[in-house]
Amino acid sequence: MTRDPNPFPSSHLQPRYLASLMLVHPPNTTAVSAPGKVLLTGGYLVLDRDYSGTVFALDARIHVLVQQLQRDRRPGSGDPFTSSLDTAKEGVVDEEEPQAGATQAFDGQPEENIIVRSPQFRDAVWEYVVRRCENGGGVKVSQRNEGPRNPFVETSLNYALTYTSYVADSQDLGSLSVTILADNDYYSDTNSGNDSAARNRGGFRDFGVTLQDAHKTGLGSSAALVTALVSALVTHRTMHPDDLVVAREKLHNLAQAAHCAAQGKVGSGFDIGAAVFGSCFYRRFSPSILERLGEVGSPSFEERLFSTVEDLDPAQPWDTEFADVGMKLPPGVQLILCDVDCGSQTPSMVRKVLEWRKQNREEADQLWDDLQANNEKLRTELRRFSHTRMSSEFESAAIVELHKTVRGLMQQSRNYLQQMTAKSEVPIEPRVQTELLDAVSQVEGVIGGVVPGAGGYDAVALLIKDDIDVVIRLRMLFEKYQSKVEDDFGGKIERVRMLGVRHGSEGVRNEYQNARRYATWV
Ligand SMILES: Nc1ncnc2c1ncn2[C@@H]1O[C@H](COP(=O)(O)OP(=O)(O)OP(=O)(O)O)[C@@H](O)[C@H]1O
Ligand SMILES: C[C@@](O)(CCOP(=O)(O)O)CC(=O)O
């Protein structure tokens, strides 16, 4: 188990005091990003702590920019965004200046507001007023503009503000502007008729549709968003951005809690694991850790959240296991995703698979064990080869061996997933995706492919020889590709699209140095 050491290990000090040591003067602007994921192996198995998963972080990231606001307009204080914010209604402030014109809330404190924008989408603006709850219930935001709520944004704000205001022991949060920018591969571009170059600014596309109408590609946008958002807020209020890596464990705990609350269930959390730590071998936490947290606003919520994030309850220690954190693919191997644009229903699939497992325990356990053993072999081989130095004499022999071994293991994983599909009657690897994976496996330079995560009609993941010719050959195959077989669940593949996303390996990251690319969006 690899866990970051506690940055404040002196146990004789009060935990609240320890946390407050992290306090630094808050900057005007904080920028943080977190990656998407692909669960190469371990779908369904990873829901159970007896099993595990191998998750790769992707180079598609969600970026969050937090800016301190004041109500009157004034020139900023020298950060990269000041000039572009001059035309904004509210300006960036120096934290030490009074908030001129701030209104008074019911409790005599200046009213604090948070405006969140996701400007790549139409009408994606959420304006919140910040309230403190009685009896230690924490900090809760209320949306004050019309339009659909965004549970992932709202819950992340509630959790991060409750945690930071408790840690900082401060009633003064100040008003904030938050901008969310997602790398383009999180969504299919349904607006491709218009000039796509003109709609790309700083590498981020204007999708021209509402978030509700956007077609997700299944890269884990909500986990990357929650991780980047809570990390940006915690960094903004309580620590120096350079300490992001040291704080990863706490940010992980906070992001898991917020993500589970927002989605209304405790999942395996592998997507948050990858968003925080990057590519890794993942064993889930015991769900009971989050079950007693209760809701924001309930009495003493802030204390329970603090204790959960800081891992202070000896009766319920965090037991997530991470290994091979930041692992890379073997040299000369690349990961690609091919979107089949059919969509799938993960929650109902999970329910059905778990129900089948419950009803057929012995048979299911055997299948789970066999699949786990095979997945572990695959992980071991990938790790072994990722450490192989490809010197020229050995290069071709090592590559041939790697491709053969990995290909066989991926094929074997698929056999087990096909059995799971047939037995549980859930389209984990439905026949149209079997046909597609068989076809791509015949392309020279493709090592193997699987349906990652929950499977279904989501994008398939391929390991390929890292060579542009392989990509070209795949593009040719996809040009006119359509499924021909009759699907066992009624699916049909009308087109296949190779996503631009690749393996990324790195988890949550301070983006302040790169933040100029956001300038045209704020
Ligand atoms: N760019 C964004 N801006 C604001 N909110 C977003 C953005 N992207 C995702 N979200 C939030 O996350 C929700 C999508 O989360 P959901 O868990 O359904 O998808 P996902 O995480 O991409 O899926 P999967 O786990 O299958 O990869 C959206 O409804 C919205 O609330
Ligand atoms: C089925 C499951 O094991 C994986 C779901 O993965 P994905 O969201 O399809 O990438 C569910 C989970 O782990 O929370």
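Because the structure is predicted, anything quoted here is derived from the model rather than measured.

A closer look at the site of ligand 1
Consideration 1: Around ligand 1 lies a shell of 17 residues, among which S118, A182, G218, S221 and S222 are the nearest.
Consideration 2: Looking at the shell around ligand 1, the elements with two or more residues in it are α3 (151-168), β7 (175-182) and α4 (221-238).
Consideration 3: Looking at which element gives the most residues to the shell around ligand 1, the answer is α4, with 4 residues.
Consideration 4: Taken together, the residues that form the shell around ligand 1 break down as 8 nonpolar, 7 polar and 2 charged.

Here's the deal with the environment of F385
Consideration 1: Tracing the chain through its elements places F385 in helix α10 (residues 361-386).
Consideration 2: In the structure, F385 is positioned 17 residues away from L402 in sequence and 7.0 Å away in space, judged by C-alpha atoms.
Consideration 3: Once residues within four sequence positions are removed from consideration, F385 is found in contact with P330 and L402.

Quick word on the UniProt feature "domain: GHMP kinase N-terminal" (unreviewed entry) in the protein chain
Consideration 1: Sites flagged by UniProt as "domain: GHMP kinase N-terminal" (unreviewed entry) map to residues 216-278.
Consideration 2: End C-alpha atoms of residues 216-278 are separated by 21 Å, and the span's content is 67% helix alongside 2% strand.

Quick look at the site of ligand 2
Consideration 1: Taken together, 14 residues surround ligand 2, and among them G43, G267, S268, G453 and A454 come closest.
Consideration 2: Residue composition of the shell around ligand 2, grouped by class: 7 nonpolar, 6 polar and 1 charged.
Consideration 3: Both of domain 1 (17-324 + 508-521) and domain 2 (333-498) provide at least three residues apiece to the shell around ligand 2.

With respect to the sheet that holds strand β16 (residues 460-465)
Consideration 1: Read across the sheet, 4 strands follow the order β15-β16-β14-β17 without closing on themselves; strand pairing throughout is antiparallel. Whereas interior strands pair on both sides, the edge strands pair on one side only; in this sheet they are β15 (446-450) and β17 (497-498).
Consideration 2: As judged from the 6 bridges shared by strand β14 (residues 333-339) and β16, these two strands associate in the antiparallel manner. Note that in β16 the partner of I336 across the bridge is L462.
Consideration 3: Each of β15 and β16 is contacted by helix α12 (residues 431-441), which is oriented at about 170° to β15, the strand it contacts most.

Describing the domain arrangement of the protein chain
Consideration 1: Its domain assignment divides the protein chain into domain 1 (17-324 + 508-521) and domain 2 (333-498).
Consideration 2: Residue-level contacts link 17 residues of domain 1 with 21 residues of domain 2.
Consideration 3: Elements supplying a minimum of two residues to the side of domain 1 that touches domain 2: β1 (29-41) and β2 (53-70).
Consideration 4: Sort the elements by how many residues they give to the side of domain 1 that touches domain 2 and β1 lands first, with 4 residues.
Consideration 5: Classifying every residue of the side of domain 1 that touches domain 2 by side-chain character gives 8 nonpolar, 8 polar and 1 charged.

Reading guide: rules and limits
- Residues numbered from 1 in each chain as written.
- Chains lettered and ligands numbered in written order.
- Predicted model: local features only at pLDDT ≥ 70, side-chain atom pairs only at ≥ 80, totals over all residues.
- Near = placed C-beta within 6 Å.
- Helix = DSSP H or I, 4+ residues; strand = E, 2+ residues; numbered from the N terminus.
- Nonpolar A, V, L, I, M, F, W, Y, C, P; charged D, E, K, R; others polar.
- Contact = placed C-beta atoms within 7 Å.
- UniProt positions renumbered as here; feature names shortened; annotations may be inferred.
- Domains from an automatic or database assignment.
- Pairing = 2+ DSSP bridges.
- Axes fitted to C-alpha atoms, helices over the stretch in contact; angles between N-to-C directions.

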